[in-house]
Amino acid sequence: MTHPAQPKASHFINGEYVEDTAGTPIPVIYAATGEQIATVYAATPAIVEQALSTAKEAQKAWAKMTGTERGRILRRAADIMRERNHELSVLETYDTGKPLQETLVADATSGADALEYFGGLAGSLTGEHIPMGEDWVYTVREALGLCVGIGAWNYPTQIACWKGAPALACGNSMVFKPSETTPLCALKVAEILHEAGAPAGIYNVIQGMGEVGGALVTDPRVDKVSLTGSVPTGKKVYAAAAEGMKHVTMELGGKSPLIIFDDADIDNAVGGAINGNFYSSGQVCSNGTRVFVQKGIKEKFLARLAERTGNAILGDPMDEATSFGPMVTENQMNIVLGYIEKGKEEGARVVCGGNRADMPGYYIQPTVFADVTDDMTIAREEIFGPVMSVLDFDTEEEVIARANDTEFGLSAGVFTNDFSRAHRVIGQLEAGSCFINSYNDAPVEAPFGGVKASGVGRENSKEAIKHFSQVKSVYVRMGDVEAAF
Ligand code: NDP
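Note that the structure is a prediction, hence the values are computed from the model and not measured.

The rules behind the values
- Residues numbered from 1 in each chain as written.
- Predicted model: local features only at pLDDT ≥ 70, side-chain atom pairs only at ≥ 80, totals over all residues.
- Heavy atoms only, no water.
- Helix = DSSP H or I, 4+ residues; strand = E, 2+ residues; numbered from the N terminus.
- Buried < 20%, exposed > 50% of the residue type's maximum accessible area, 1.4 Å probe, protein only.
- Lys, Arg positive; Asp, Glu negative; His and termini not counted.
- Charge placed at Lys NZ, Arg CZ, Asp CG, Glu CD.
- Near = heavy atom within 4 Å.
- Polar contact = N/O pair within 3.5 Å; in protein donor to acceptor, adjacent residues only side chain to side chain.
- Areas by Shrake-Rupley, 256 points an atom, 1.4 Å probe, with all protein chains shown as cover.
- Nonpolar A, V, L, I, M, F, W, Y, C, P; charged D, E, K, R; others polar.
- Pairing = 2+ DSSP bridges.
- Axes fitted to C-alpha atoms, helices over the stretch in contact; angles between N-to-C directions.
- Contact = heavy atoms within 4.5 Å.
- Expected span 1.5 Å × (residues − 1).
- Phe/Tyr/Trp six-rings, centres within 6.5 Å; stacked < 30°, edge-to-face > 60°.
- Lys NZ or Arg CZ within 6 Å of the ring centre and 35° of its normal.

Visitor: What should I look at first to understand the overall build of the protein in this one?
Guide: Across its full length, the protein holds 16 helices and 20 strands. Taken over 485 residues, the protein has a buried fraction of 58%. Separation between the mean location of the 41 positive side-chain charges and that of the 62 negative ones in the protein comes to 3 Å.

Visitor: Can you walk me through the site of the ligand in this structure?
Guide: Neighbouring residues of the ligand: 28 residues in total, closest Glu180, Ser230, Thr233, Leu252 and Glu382. Trp153 is positioned with one of its side-chain polar atoms (N or O) 3.0 Å from an oxygen atom of the ligand. Taking 910 Å² as the accessible area of the ligand by itself, protein coverage stands at 86%. Residue assignment for the shell around the ligand shows that the elements contributing at least two residues are α8 (210-218), β10 (224-228) and α9 (231-243). Within the shell around the ligand, the residues separate by chemical class into 12 nonpolar, 12 polar and 4 charged.

Visitor: Before we go on, may I ask you to explain the sheet that holds strand β13 (residues 290-294) in this structure?
Guide: Hydrogen bonds between backbone groups are what pair the strands of a sheet, and the pairing can be parallel or antiparallel. Pairing is mixed in the open sheet, where 7 strands are placed in the order β14-β15-β16-β13-β12-β17-β18. Of all the strands in the sheet, the pair left with one neighbour each is β14 (349-352) and β18 (433-436). Within this sheet the neighbouring strands show an average axis-to-axis angle of 20 degrees, counted without direction. Examined bridge by bridge, β14 and strand β15 (residues 367-370) share 3 bridges and lie antiparallel to one another. By the bridge assignment for β15, Val350 is matched with Phe369. Packed onto the sheet, helix α10 (residues 266-278) meets β12 (257-260), β13, β15, β16 (387-393) and β17 (411-415) and runs at close to 135 degrees relative to β16.

Visitor: Teacher, can you tell me more about helix α3 (residues 85-96) here?
Guide: Along an α-helix, residues three or four apart share an orientation, since each turn contains 3.6 residues. In a regular helix each residue adds 1.5 Å, so 12 residues correspond to 16 Å; α3 covers 16 Å between its end C-alpha atoms and thus fits that length. α3 sits mainly inside the fold: 9 of its 12 residues count as buried. Taken together, the buried positions of α3 are Asn85, Leu88, Ser89, Leu91, Glu92, Thr93, Tyr94, Asp95 and Thr96.

Visitor: Can you walk me through the packing of aromatic side chains in this structure?
Guide: For any pair of aromatic rings, the description consists of the separation of the ring centres together with the inter-plane angle of the planes. Enumeration over the complete set of coordinates arrives at 7 aromatic pairs. Geometrically, the ring pair formed by Tyr117 and Phe118 is edge-to-face, given 5.0 Å between the ring centres and 90 degrees between the ring planes. Accessibility expressed as a relative area gives 0% for Phe118, which makes it buried. Its guanidinium or amino end placed over the ring of Tyr155, Lys98 lies 3.5 Å from that ring's centre, counting from NZ or CZ. Positioned over the ring face of Phe468 is Lys224, at 4.5 Å from the centre of the ring.

Visitor: Looking at this structure, how should I read the environment of Thr406?
Guide: Tracing the chain through its elements places Thr406 in the loop between α14 (396-404) and β17. For Thr406 and Asp374, which are 32 residues apart along the polypeptide, the C-alpha to C-alpha distance reads 9.7 Å. The residues touching Thr406, leaving out its near neighbours within four places in the chain, are Lys255, Arg290, Arg380 and Lys452. A polar atom in the side chain of Thr406 sits 3.0 Å from the backbone nitrogen of Phe408.

Okay, here's the thing in structure tokens:
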């Protein structure tokens with residue numbers, strides 16, 4: 001019998017599901033059991049061509065609609081997503097292995113927020129009137145054209161919407177390629193957008209590995225590339241896009257600092273560290289994986305952290321009581337276990353966890369290392385799993401310098417009850433998305449993105465509009481033209 005997660009076909013192009021079994025088969029494995037639940041096929045060159053030509057053609061009429069008309073479609077799609085939240089959350093859990101307890105509140109709901117927010121903004125995208133004496137300049141905010149979205153595997157519904165919603169609001173069309181690891185959810189986003197009234201060809205989804213992404217990025221018809229992925233992939237995609245002088249948004253990895261001063265509320269700080277390391281089993285780009293704790297509260301912090309981490313419920317992701325799921329794939333599990341071994345070898349102290357969980361599926365125990373030093377591999381490289389490194393510090397000046405001593409700059413957090421210190425420290429941290437007495441909140445209203453190697457551009461908020469549109473300026477002369485001859 002076909003599994004309920006099996007999609008109707010691999011791709012969604014020009015308003016309908018399209019299959020081409022000549023492409024490389026991509027098995028979809030449920031991370032909680034290791035069982036194959038679906039198969040899709042990578043896009044062949046013919047499928048890539050179909051998606052790009054259809055999106056290029058459809059964009060012209062879409063851009064001519066009023067923003068209010070486009071916005072109404074996006075808001076209708078948001079309503080449909082919310083009505084189907086349960087079904088979409090179950091699919092997200094099959095795609096990623098994340099527990100239903102999380103997917104019910106963080107995936108289709110977050111995608112719907114983006115569709116609603118950018119749907120609301122679409123009608124108010126205007127230019128400026130700039131008086132020049134008798135003459136004037138006016139500006140027009142125009143669509144870029146055909147945009148490509150390429151997603152990572154940790155938030156397949158959210159990423160498809162965070163890229164699609166602002167792109168479509170601005171009058172662009174999109175071809176979206178999900179990660180080969182999680183190909184299912186973006187197809188539902190496309191289906192829902194079309195059910196809500198998006199014209200055929202405006203939002204297309206095609207499957208594939210890096211080569212398909214590469215084919216999209218290098219096509220001369222593509223005007224913009226928005227990637228969520230790792231830094232090495234980001235560098236390749238950025239370089240390929242530069243060849244064609246395309247616009248880019250790069251949402252890449254991180255190794256973010258979370259700084260806890262000794263006057264902080266310990267339970268809130270522990271809660272922030274748990275949210276910033278163990279949500280989605282640690283597979284979150286903005287995680288605060290270097291937890292700097294001021295020496296005076298170190299042992300108290302570690303004791304409370306170990307006690308609360310012990311309350312994590314590992315189990316069947318479809319059981320709503322489960323609060324901690326498996327790694328997305330066996331490969332990712334092995335990468336993370338490799339880092340845990342490195343941590344032990346390099347002399348960090350295991351406070352809790354430290355092993356694969358003794359159960360089927362790709363589960364790793366939530367792991368806390370203490371006595372971590374800045375030079376250890378686990379303190380330098382992005383692990384993308386449930387591994388928290390706790391480092392000690394003495395002074396504010398010292399911790400700021402150490403927090404910034406990384407190639408990454410996605411996020412940073414500070415826990416303290418001294419508000420002038422909180423703002424002073426945040427002001428000096430090299431990161432794009434920061435938190436004071438909190439961690440990892442990502443509302444659609446707030447800009448999201450990194451500095452340094454963590455990326456360029458911003459998603460969400462009014463900032464995203466700037467990255468999916470361009471400004472045309474028009475000088476209007478009222479008098480005669482003066483010329484030298
Ligand atoms: P990858 O960089 O491996 O892949 C990202 C996407 O790019 C995938 O769809 C991948 O395809 C595709 N791709 C790979 N090579 C190329 C290429 N040469 N040209 C075009 N596309 C290509 O990242 P992961 O999927 O492993 O995701 C984890 C990473 O994503 C982490 O580093 C994490 O920090 C980052 N991330 C960043 C976020 C942010 O907003 N800053 C949010 C979430 C994750 P395929 O996988 O199918 O081969």
